[in-house]
Amino acid sequence: MGLFSKLFKKNESNPPIKERSALSIEVGDIITYELVDYEVVGKIIYRQDSYEWFGYQLLEGKNIIWLSAEMDDELELGIYQTINLPVNQPFPKQLTYQDNIYYLDETGEARVVGEGRSKNINGRQITYAEYYDEAEEHFISLEEWGSEIEASFGYAIEPYEIKIIAGSI
């Protein structure tokens, strides 16, 4: 066996890395968005009957954003950041945030499965509400986790705006 055959020999013990899509991102993957590389440190799978969607916690330094992904009639992606917006149950028909009005679009309940930093929420059931502004360009998402309601502000992005680099097999 020559030098080049040793250098370029396939390592049979390492299986090929599975290609990722927005619906198959895993903890440890790298997501590039707006020229910034984020590590996927948490993943939440939301299930409502037979429908499911995903939330990925992305970390870059101390900056945390969430990437949401769901397949409705087509792939829908969004970028969200946690905001301070005091809300109580029952969820209101509209919200005001930064002088804009957001209208209730849908509410429901979902069971969640968490991985990575989100693993401690496995099996919990949440109540959620989705709101949109008049132009339907910005969104507010509410999730009730027991006695706490988390609010996130977001907007839609196109699939070509992210690049997924698999971090594991």
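Everything quoted here is computed from the prediction, not taken from an experiment.

Peer 1: I'd like to hear about the layout of surface pockets, residue by residue, with values.
Peer 2: Think of a ball as big as a water molecule: rolled over the atoms, this probe shows where empty space is left. Roughly 1,100 Å³ of volume is contained in the largest pocket. Residue lining of the largest pocket: 46 residues in total, with Ser68, Glu70, Tyr80, Glu130 and Ser141 positioned closest to the centre. Of all the secondary structure elements, the ones that give two or more residues to the lining of the largest pocket are strand E2 (36-48), strand E3 (51-60), strand E4 (63-71), strand E5 (75-83), strand E7 (100-116), strand E8 (125-133), strand E9 (138-145) and strand E10 (148-157). Along the lines of polarity and charge, the residues of the lining of the largest pocket split into 23 nonpolar, 10 polar and 13 charged.

Peer 1: Before we move on, could you go through unusual backbone geometry and cite the residues and values that matter?
Peer 2: Following Gln89, the chain continues into Pro90 via a peptide bond in cis, with omega recorded as -5°. Mapped onto the fold, Pro90 is located in the loop between E5 and strand E6 (94-97). A positive phi angle, near 50°, is found at Glu34, a position not held by glycine. With respect to the helices, strands and loops of the structure, Glu34 is situated in the loop between strand E1 (30-33) and E2. In this structure Glu34 comes out as exposed when scored by relative accessible area, which is 58%. Phi is positive for Glu136, which is not a glycine, with a value near 55°. Position of Glu136 relative to the elements: it lies in the loop between E8 and E9.

Peer 1: Describe the side chain of Glu144, and please don't skip the residues or the numbers.
Peer 2: As for its placement among the helices and strands, Glu144 is situated in strand E9. Despite its burial, Glu144 remains without a salt bridge, the nearest opposite charge being carried by Arg124 at 9.2 Å. Looking at Glu144, its side chain comes within polar contact range of the side chain of Gln89, at 2.8 Å. Each residue touching Glu144, except ones within four places of it in the same chain, is listed here: Gln89, Phe91, Ile126, Thr127 and Ile149.

Peer 1: Requested: an account of the pattern of salt bridges, with residues and values cited.
Peer 2: Summed over the entire model, instances satisfying the criterion amount to three salt bridges. Between Lys43 and Glu26 there is a salt bridge whose closest N-O contact spans 3.6 Å. Of the two residues, Lys43 sits in strand E2 while Glu26 sits in the loop between helix H1 (3-7) and E1, which places them 17 residues apart along the sequence. The class of Lys43 is buried, set by a relative accessible area of 5%.

Rules used throughout
Residue numbers restart at each chain and count upward from 1, following the sequence in its written direction. Under the rules for a predicted model, residues below a pLDDT of 70 receive no local features and side-chain atom pairs below 80 are neither given nor counted, while totals for whole chains, interfaces and linings still include all residues. Calculation of side-chain values draws on the structure's entire complement of heavy atoms; hydrogens and water are dropped beforehand. Using a 1 Å grid laid over the protein atoms alone, points where a 1.4 Å probe fits but cannot get out form a cavity; open sets with protein on both sides within 12 Å along at least 5 of 7 lines form a pocket; any residue with an atom within 4 Å of a point counts as lining. Grid points are joined across faces, edges and corners, and a volume is the space filled by probe spheres set on the points. In DSSP terms, a helix is any run of H or I states spanning at least four residues, a strand is any run of E spanning at least two, and both are numbered starting from the N terminus. Three classes are used: nonpolar for Ala, Val, Leu, Ile, Met, Phe, Trp, Tyr, Cys and Pro, charged for Asp, Glu, Lys and Arg, and polar for all others, with Gly counted as polar. Relative accessibility decides the category of a residue: with a 1.4 Å probe and only protein chains considered, values under 20% of the type maximum give buried, values over 50% give exposed, and everything between is partly exposed. Only four residue types enter the charge count: Lys and Arg as positive, Asp and Glu as negative, with His and the chain ends excluded. Think of a salt bridge as a Lys or Arg side-chain nitrogen and an Asp or Glu carboxyl oxygen that are within 4 Å of each other. Throughout this description, a polar contact denotes any pair of N or O atoms lying within 3.5 Å of each other; where both atoms belong to protein, one of them has to be capable of donating a hydrogen while the other can accept it, and for residues adjacent in sequence the pair is counted only when both atoms sit in side chains. Should any heavy atoms of two residues lie within 4.5 Å, those residues are considered in contact.

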